[in-house]
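Descriptive analysis of the structure
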Amino acid sequence: MDHEGRFRRAALASGIPHDEVGRFVQHLRLSIRLSGGSGGVPVGRFGGLPRLPVGMDWPSDGVSPLPFIFSVDCAALPRIDGFGLPAVGSLLFFLNHEQAAATGERRYGRVVHVPAGTDIEAATGPTDDAFVDEQYDVSATLRAEFPDWFRADEDDEDDLSQFQQQVASDLERDLPHLDELCALANDLWPSDNGYASAHIGGYADAEVIKSFAEQTLAWREKTGEIVIPVATWYSRVEMETHRLTGEWVSLARFPVDNERYYRSDGSFVIRHDHLAAGRLDEALSVAELTP
């Protein structure tokens, strides 16, 4: 389905200028909401034993097997404009969220793409609850997502940094019908406040991208490529975060059950160009544990 075309037609029919609609759709992203118990057509499965290519070992961190989270059938998922997910085959997600959160090492998460037509079988390996959860099917719906900087509150304008004020000013100039455009997108692809097993696609978590920005700038300083005065460090981080937001996409976000923490979230993020090139080995795992 031509989601962008559908949105453009609806926006133009409401009287919003063509150029403004074009600027807005550059920032609009759709994500795939996976949920169980909705009675929809199954597109994936949480828990149970992963179905891997015949002869493939259960993915591990090099020492221990990685817990299996879920799998999706790429051909059954809704197609999204500009989101380069494989068109066929299946994706399987493995993550040791506690170790990933504690160490930040990418070896504790892995995404496996099984090409269509591959001979597969239920994996042999650990079968206790720490590695294999209860199995259930999930169906898919779409929802609209916008970058965090769309949500600047006018009441807090005095608290915004100079860079944030400039972004807000540019947004007001370029998208005078921003509220109407966001409302239209949410009407076409509404958010569901019920429990979601996972979201595929959409914007990566802002704090994750900010961390990438800090690491990128710190490395460029260390190698002598740039020099950033201390007084301008935070504004440079904001600028770099703003830039990287367009380069990275959320591959998957999902809550993880954990009795020791109030909230436990796992996710995988990937650059658009790596995803388009099928470089799923470049996906980075991120985990957050909140006491």
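In this report, the structure presented in the accompanying data block is examined. (Residues numbered from 1 in each chain as written. Predicted model: local features only at pLDDT ≥ 70, side-chain atom pairs only at ≥ 80, totals over all residues. Heavy atoms only, no water.)

1. Quick word on the pattern of salt bridges
- Scanning all chains against the criterion turns up 13 salt bridges.
- A salt bridge links E105 to R107, with the shortest nitrogen-to-oxygen separation between them at 2.5 Å.
- R107 sits in the partly exposed class, given a relative accessible area of 36%.
- Where D273 meets R271, a salt bridge forms, and the shortest distance between an N and an O atom there is 3.0 Å.
- Given the relative accessible area of 24%, R271 is considered partly exposed.
- Where salt bridges share partners, they join E240, R243, E247, R271 and D273 into one cluster. (Salt bridge = Lys/Arg side-chain N within 4 Å of Asp/Glu carboxyl O. Buried < 20%, exposed > 50% of the residue type's maximum accessible area, 1.4 Å probe, protein only.)

2. Concerning the packing of aromatic side chains
- Taken as a whole and assessed by the stated rule, the structure comprises 15 aromatic pairs.
- Between F70 and F93 the ring centres are 4.5 Å apart and the planes differ by 15°, which places this aromatic pair in the stacked class. Taken as a pair, F70 in strand β4 (residues 68-73) and F93 in strand β5 (residues 90-95) lie far apart in primary sequence, 23 residues in all.
- Judged by its relative accessible area of 0%, F93 falls in the buried class.
- For the ring pair F70 and F254, a centre distance of 5.9 Å and an interplane angle of 70° mean the geometry is edge-to-face. Here F70, found in strand β4, pairs with F254, found in strand β10 (residues 248-255); they are 184 residues apart in sequence, far enough to count as distant. (Phe/Tyr/Trp six-rings, centres within 6.5 Å; stacked < 30°, edge-to-face > 60°. Helix = DSSP H or I, 4+ residues; strand = E, 2+ residues; numbered from the N terminus.)

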